[in-house]
Amino acid sequence: EPEVTQTPSHQVTQMGQEVILRCVPISNHLYFYWYRQILGQKVEFLVSFYNNEISEKSEIFDDQFSVERPDGSNFTLKIRSTKLEDSAMYFCASNQLLGEAFFGQGTRLTVV
Amino acid sequence: QQPVQSPQAVILREGEDAVINCSSSKALYSVHWYRQKHGEAPVFLMILLKGGEQKGHEKISASFNEKKQQSSLYLTASQLSYSGTYFCGTQAGAGSYQLTFGKGTKLSVIP
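Residues numbered from 1 in each chain as written. Chains lettered and ligands numbered in written order. Predicted model: local features only at pLDDT ≥ 70, side-chain atom pairs only at ≥ 80, totals over all residues. Heavy atoms only, no water.

The next point concerns the overall build of chain B. Assigned secondary structure in chain B consists of 0 helices and 11 strands. Mapped from its N terminus to its C terminus, chain B presents α and β elements in the order β-β-β-β-β-β-β-β-β-β-β. Compactness check: chain B gives a C-alpha radius of gyration of 13 Å against a globular reference of 13 Å for 111 residues, within 12% of the reference. Along the first, second and third principal axes, the C-alpha atoms of chain B reach 45 × 30 × 20 Å. Burial analysis of chain B (111 residues in total) assigns 47% to the buried set. Residue pairs in contact within chain B that sit at least 24 positions apart in sequence constitute 54% of those at least 6 positions apart. For chain B, the accessible area works out to roughly 5,500 Å², and carbon and sulfur atoms hold 50% of it. Charge separation in chain B, taken as the distance between the mean sites of 11 positive and 7 negative side-chain charges, equals 7 Å. (Helix = DSSP H or I, 4+ residues; strand = E, 2+ residues; numbered from the N terminus. Rg over C-alpha atoms; globule rule 2.2 N^0.38 Å. Buried < 20%, exposed > 50% of the residue type's maximum accessible area, 1.4 Å probe, protein only. Contact = heavy atoms within 4.5 Å. Areas by Shrake-Rupley, 256 points an atom, 1.4 Å probe, with all protein chains shown as cover. Lys, Arg positive; Asp, Glu negative; His and termini not counted. Charge placed at Lys NZ, Arg CZ, Asp CG, Glu CD.)

Here it is in structure tokens:
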């Protein structure tokens with residue numbers, strides 16, 4: 001069964017460092033998303049991406065965040081200068097049109 | 001604006017039924033339901049696109065009342081595997097790809 005894959009599964013970084021979270025969406029999907037979930041809290045939308053550009057972004061997705069689809073398969077989330085409050089599980093998701101979204105297993109980001 | 005889910009948590013014995021509600025103050029285009037087990041990714045259960053639509057998935061079904069901007073998830077004859085946190089995600093319009101999730105309802109099914 002096709003799945004969304006994310007790497008790494010766990011990333012520890014020092015405050016102020018840049019991190020890149022990687023995702024390989026399902027191959028025939030057109031819409032890509034990043035969500036985050038702070039431990040024990042709800043899933044929060046960060047950004048959606050379609051046709052090589054951002055479709056929507058939330059208030060959380062400020063200038064320190066950026067997304068890229070550098071090639072035909074990868075979809076990345078870059079956090080330029082990490083803060084302690086960026087510690088969370090980051091989920092990538094993809095779907096066709098506006099139907100079922102498939103989530104990856106997540107990257108646990110720990111900022112120390 | 002995030003949808004409001006109720007209850008926040010529920011404990012069931014195997015075989016019992018539960019209803020989880022999701023309501024929004026904004027008009028909705030669709031409601032998505034996901035289940036997340038501890039430490040895992042959310043898993044899609046179903047999507048409801050039209051007012052009054054009901055969908056089913058094994059012994060889990062849901063309804064969507066467009067006028068009331070509410071959706072309910074019905075779990076019947078619960079099994080241990082139903083344990084997890086259930087999130088509703090709402091979509092405001094056909095042109096919006098953003099899913100706004102509620103805070104979740106933690107369901108625990110005990111033997």
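Read on for the rest.
Attention now goes to empty space enclosed by the protein. For the coordinates displayed, the defined rule picks out 1 cavity of 30 Å³ or more. Roughly 60 Å³ of volume is contained in the largest cavity. Taken together, 11 residues line the largest cavity, and the ones lying closest to its centre are Y33 and N95 of chain A together with H32, Y97 and L99 of chain B. A class-by-class count of the residues in the lining of the largest cavity yields 6 nonpolar, 5 polar and no charged. (1 Å grid on protein atoms, 1.4 Å probe; cavity = no way out; pocket = protein on both sides within 12 Å on 5 of 7 lines; lining within 4 Å. Points joined across faces, edges and corners; volume = space filled by probe spheres on them. Nonpolar A, V, L, I, M, F, W, Y, C, P; charged D, E, K, R; others polar.)

What follows is about the pattern of salt bridges. As enumerated under the stated definition, the model contains 1 salt bridge over all chains in all. Measuring nitrogen to oxygen at the nearest pair gives 3.1 Å for the salt bridge that ties R36 of chain A to E44 of chain A. (Salt bridge = Lys/Arg side-chain N within 4 Å of Asp/Glu carboxyl O.)

A few words now on the state of the cysteines. All names here are of chain A. Taken as a whole, this structure holds 2 disulfides over all chains when the rule is applied. Disulfide pairing places C23 opposite C92 at an S-S distance of 1.9 Å. One quick way to see it: the torsion about the S-S bond of C23 and C92 is about -65°, and its sign makes the bridge left-handed. Here C23 is found in strand β3 (residues 19–24), whereas its partner C92 is found in strand β9 (residues 88–95), with 69 residues between them in sequence. With respect to burial, C23 and C92 carry one shared label: buried. (Disulfide = S-S within 2.5 Å.)

This paragraph deals with the environment of Q11 of chain A. All names here are of chain A. Tracing the sequence through the fold places Q11 in strand β2 (residues 10–13). Among the residues examined, Q11 registers a relative accessible area of 23% and is labelled partly exposed. Once you skip the residues sitting within four places of it in the chain, Q11 turns out to touch V19, T107, R108, L109 and T110.

Here we take up unusual backbone geometry. The omega torsion across T7 of chain A and P8 of chain A is -10°, close enough to zero to call that bond cis. Along the chain, P8 of chain A falls in the loop between β1 (5–7) and β2. The amide bond that connects S6 of chain B to the next residue, P7 of chain B, takes the cis arrangement and shows omega of -5°. Secondary-structure assignment places P7 of chain B in the loop between β1 (4–6) and β2 (9–13). Residue N51 of chain A is not a glycine yet carries a positive backbone phi of 55°.

Below, the discussion takes up the interface of chain A and chain B. Counting from both sides, the interface comprises 20 residues of chain A and, opposite them, 19 residues of chain B. For the pair chain A and chain B, the number of links is 0 salt bridges. Linking chain A with chain B are 4 residue pairs in polar contact (both at pLDDT 80 or more), by the criterion used here. When residues of the side of chain A that touches chain B are traced back to their parent elements, those giving at least two are β4 (31–37), β5 (43–50) and β6 (53–57) of chain A. Of the residues that constitute the side of chain A that touches chain B, the class distribution is 10 nonpolar, 7 polar and 3 charged. (Polar contact = N/O pair within 3.5 Å; in protein donor to acceptor, adjacent residues only side chain to side chain.)

Right, let's talk about the sheet that holds β3 of chain A for a bit. Residues and elements named next belong to chain A. Here 4 strands make up an open sheet; going across it, the order is β1-β3-β8-β7 and the pairing antiparallel. A strand with exactly one partner marks an edge of an open sheet, and here the two such strands are β1 and β7 (65–68). Sheet twist, expressed as the average angle between the axes of neighbouring strands with direction ignored, equals 20°. Note: β1 against β3, 3 bridges, orientation antiparallel. Along β3, the bridge assignment pairs T5 with V24. (Pairing = 2+ DSSP bridges. Axes fitted to C-alpha atoms, helices over the stretch in contact; angles between N-to-C directions.)

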